[in-house]
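# Chains, contacts and geometry: an overview
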Amino acid sequence: MEVGIVSYGAYVPRYRITPQEIGRVWGSDGEMMSKGLQIFSKSVPQSDEDVITISVEAARAMMRRCDVDPMDIGAVYVGSESHPYAVKPSGTIVAEAIGCSTEITMADLEFACKAGTAGMQICMGLVGSGMVKYGVAIGADTSQGAPGDPLEYSASAGGAAYLIGSRDIIAAINHTASFTTDTPDFWRREGQDYPSHGGRFTGEPAYFKHVTAGGKLILKNMGTKPDQYKYAVFHQPNGKFPQRVAKMLGFTDQQIEVGLLTPQIGNTYSGAVPLGLAAVLDVADPGDRIFVVAYGSGAGADGFDISVTENMARYDRSKAPLVRQLVEDKRFLDYATYAKFRGKIRIQEANS
Amino acid sequence: MATARFWRENPSRYNLSASKCGVCGKVFFPPRGVCSTCHRKSIGKMQGLRLSGEGEIYSYSVVHEAPSQYEMLKPYVVAMVRMDEGVMLTSQVIDVDPPEVKIGMRVHTTLRRVGEDGPAGVIYYGYKFAPIK
Amino acid sequence: MREVAIIGIGDTKFGEMWEAGFREIGIQAGLAAVEDAKLAAEEIDALYVGNMSAGRFIEQEHVAALIADYSGLARDHIPATRIEAAGASGGLALRQGYLAVASGMHDIVVVGGAEKMTDVGDVVATEIQASAADQQWEVTFGATFPALHAMIARRHMHQYGTTREQIAQVSVKNHKHGSLNPKAQFQREIDLNTVLKAAPVADPLGMFDCAPFSDGAAAVVLCSMDKARRYTDTPIRIRASAQASDTLALHARSDICTFEATRVAARKAFKQAGLEPKDIQVAEVHDNFTISEILAIEDLGFFPKGEGGKATVEGQTAMGGKVAVNTSGGLKARGDPIGATGVAQVVEIVHQLRGQAGKRQVSGARFGLAQNVGGTGATVVVTILEAA
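Quick caveat: nothing in here was measured; it's all calculated off a predicted structure.

## Structural notes on the domain arrangement of chain B
Residues and elements named next belong to chain B. The domains assigned to chain B are domain 1 (16-50) and domain 2 (52-133). One C-alpha centre belongs to domain 1, the other to domain 2; they are set 25 Å apart. On the domain 2 side, the residues contacting the six residues of domain 1 number seven residues. Summing both partners gives a buried area of about 520 Å² for domain 1 against domain 2, and 77% of it is carried by carbon and sulfur. The three residues of domain 1 that bury the most area against domain 2 are L16, V27 and F29, which together make up 85% of that side's buried surface. For the interface between domain 1 and domain 2, the tally reads zero salt bridges. For the pair domain 1 and domain 2, the number of links is zero residue pairs in polar contact (both at pLDDT 80 or more).

## As for the pairing of strand β1 (residues 17-21) of chain B
All names here are of chain B. As paired strands, β1 and strand β3 (residues 46-50) are joined by five bridges and run antiparallel to one another. Paired with A18 across the two strands is L49, which belongs to β3. Pairing of β1 with strand β2 (residues 27-28) involves two bridges; the strand directions are antiparallel. Paired with K20 across the two strands is V27, which belongs to β2. In this structure, the hairpin formed by β1 and β2 is closed by a connection of five residues, where G25 is found at a positive phi of approximately 85°.

## Structural notes on the interface of chain C and chain B
Each partner contributes residues to the interface: chain C has 27 residues there, and chain B has 32 residues. Interface area for chain C against chain B, summed over the two sides, is near 2,600 Å², with a carbon-plus-sulfur share of 62%. Linking chain C with chain B are zero salt bridges, by the criterion used here. Viewed at the interface, chain B and chain C are joined by 13 residue pairs in polar contact (both at pLDDT 80 or more). Secondary structure elements with two or more residues in the side of chain C that touches chain B: α5 (122-130), α6 (135-139), α7 (145-160) and β5 (200-203) of chain C. With seven residues, α7 of chain C is the single largest residue contributor to the side of chain C that touches chain B. Looking at the side of chain C that touches chain B residue by residue, the classes come out as 12 nonpolar, eight polar and seven charged. Sheet topology places strand β4 (residues 54-63) of chain B next to β5 of chain C; two bridges connect them, and they run antiparallel. Bridge pairing in β5 of chain C places V62 of chain B opposite D203 of chain C.

## Observations concerning the packing of helix α1 (residues 22-36) of chain C against helix α3 (residues 63-70) of chain C
Residues and elements named next belong to chain C. Close contact between α1 and α3 brings their axes to 9 Å; oriented N to C, the two are set at 65°. What the angle tells us is that α1 and α3 run roughly perpendicular. Pair α1 / α3 crosses with right-handed handedness. Each of F22, R23, G26 and I27 in α1 lies in contact with α3, whose residues at this interface are V63, L66, I67 and Y70. Grouping the constituent residues of the contact of α1 with α3 by class yields six nonpolar, one polar and one charged.

Thresholds applied
Residues numbered from 1 in each chain as written. Chains lettered and ligands numbered in written order. Predicted model: local features only at pLDDT ≥ 70, side-chain atom pairs only at ≥ 80, totals over all residues. Heavy atoms only, no water. Domains from an automatic or database assignment. Contact = heavy atoms within 4.5 Å. Buried area = accessible area lost by both parts, 1.4 Å probe. Salt bridge = Lys/Arg side-chain N within 4 Å of Asp/Glu carboxyl O. Polar contact = N/O pair within 3.5 Å; in protein donor to acceptor, adjacent residues only side chain to side chain. Pairing = 2+ DSSP bridges. Helix = DSSP H or I, 4+ residues; strand = E, 2+ residues; numbered from the N terminus. Nonpolar A, V, L, I, M, F, W, Y, C, P; charged D, E, K, R; others polar. Axes fitted to C-alpha atoms, helices over the stretch in contact; angles between N-to-C directions. Parallel < 35°, antiparallel > 145°, perpendicular 65-115°, else oblique. Left-handed = near helix turned anticlockwise from the far one by under 90°.

The structure is reproduced here in structure tokens:
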């Protein structure tokens, strides 16, 4: 049975802050950080937004673009590292908000930045085995970096939703494979507000090792070469890593350009590859082949080989905002307002 | 712990679940079991429907003195919106600068956090309005 | 139904009364009213108490029993009833007392209204005040009680061209009146600029467009008209008493620039009284927000719809104008202890009709009207009084 993407939707909050503004407050050279990371602004959620509201926006956009009956959805997975609850799933609220029936299987996922793509793989299995007709996989985050920490320059918010099914698919997922090891490059302990990381350990033994291994696995299993793909989407913790890993695997800057959003909106963690892929699908034509490798710290890489089908010509993207439109709809904030939105300023509960 | 009181209204707060009188067609939000115009004649004839979420601003205000759960959002815009189905709802208007808000502005609903039962309590989600671009 | 008269009145000063608790405030007004009527306790047949939210303000429900107890009336085991309709609690308590005497069930009743709002902080007081609106579908979504009135103001400005200055003038006028009232919470005159430049609460309304939180109580003694002159030389006849309801949520109305409940109650009251708006010399209306007075003077029929603002800046509602509105200072300057307000309005009208309003006296006052509102107009009580 052919399994793939039936519809997709995206959401990015409209507020932004620049590395220069962050650096100004912490006495760092924000301009230099910006150039070093190749990040020029990052998205900031309002205080009434969270992974659940972002997931609902993306999932509703996904449903508006197709005419699938939400009652036919059999599974919902929300992957994030900033679920609003530590215990109580985000996905049940999303499922009700898009009109699913009570006959669904649902669980929240966590695997750092690749929880969204992990959800896609699970849905592929459920659909491919005939267990469900349609599955929804969402990757969304509102991650935070500790104030003054380098991560603060990149950690941002956003998400995308994918409807996985076997009929009327607009992009077939020809193959998926993952490369997983126990590598503690970036983590957050229960009860801690902000994550910790291993500094430069997050590079070569973590991101690059896993993304290249995952990428090579896809190329080997499919017997393909990089130049056979029109687009490539890699996990993008900053603007530089995906450019480097693309070269390491033999992909060009042009191939990764459309799916590289971090320079404008920062690293949306579990939303990063799902949003990058959505940006590609916004412009892809039937016959286009897409190479995807997501990365999650801890660590693992999920690879996908995707082919856009003839059905894409009939797919009406205009029913929901394109990723480009979401990226362009922006308002810049100063650090104080950003800190207020992100709850970095502690407010004591008024008791009188 | 107001958990159940909010939970039982989820269909209306998440999905704008409303009702329509089968006799005169008047739409009610939140849903009602009896029409205020047709009274007894409407019992058993009220139909469920979901509002489309689109409407126009009937009046609005920029709130500067906010209740404790909205301290972080002030000043925020609150508006009464006449939905396309005829019924009127009250909620905040987001993703807009206060000077841009006008009576007659077209808006649509979007899901946002509308409150929580304290930092350890349940989070309430519901509709807020955003301008239709 | 027989005629009912007011034979005694009493009230406390309104304001922040740190030294006095709810019990002290409640009985102070009642005792003053009973004293004014020269009544003996045994002559009182029943007690009616208007109070919005003692349960949340001071964690005490069952307040009619409390007041009966502390005023010594529980000794005689008289029936004591608490009435609640948010801001209209006092006016509604008066109506219940009136119905009891008019029906012949009781001969003499005491009606009081009391609220102790300052035993909680402002944040909590604001939340309690908001429970007069639709908690689930207005307040939960961020519409504060001032914001609801601000939306009325904005719509009134949009539909009728009413200006910010016209709305603000209500506060200037009421502060002027309040400066003549020794029992008022605020006795200082203010100018228009003060109102316009005040800290914003919910745009376009600012701090000086909103009545304060207050502690206070007011009480009246009602008696059948045929026995009234045994107790007083200046009985005041209740010429009409009317009440109307409307949807709880403001958004369920078809037009928010009118309180339909005020129009219906006023129509019924004027019909019962055999009078017209032009017959009224003095009126106390519910100005918990400046815009509310503008709506009130239009909906009661004193001025055409949409012209309330113009009438106010022209001085037509000030002392010496077409109808003197809120000579007490209104809720804005006199103060607004929620459950007491409706009764305090009637106390002021009685002062006027007895010719005992001192510096605030409106000459030739023969008919007076009190309009008391709950929430954003979901309950309205209109009472018309006459110097007998």
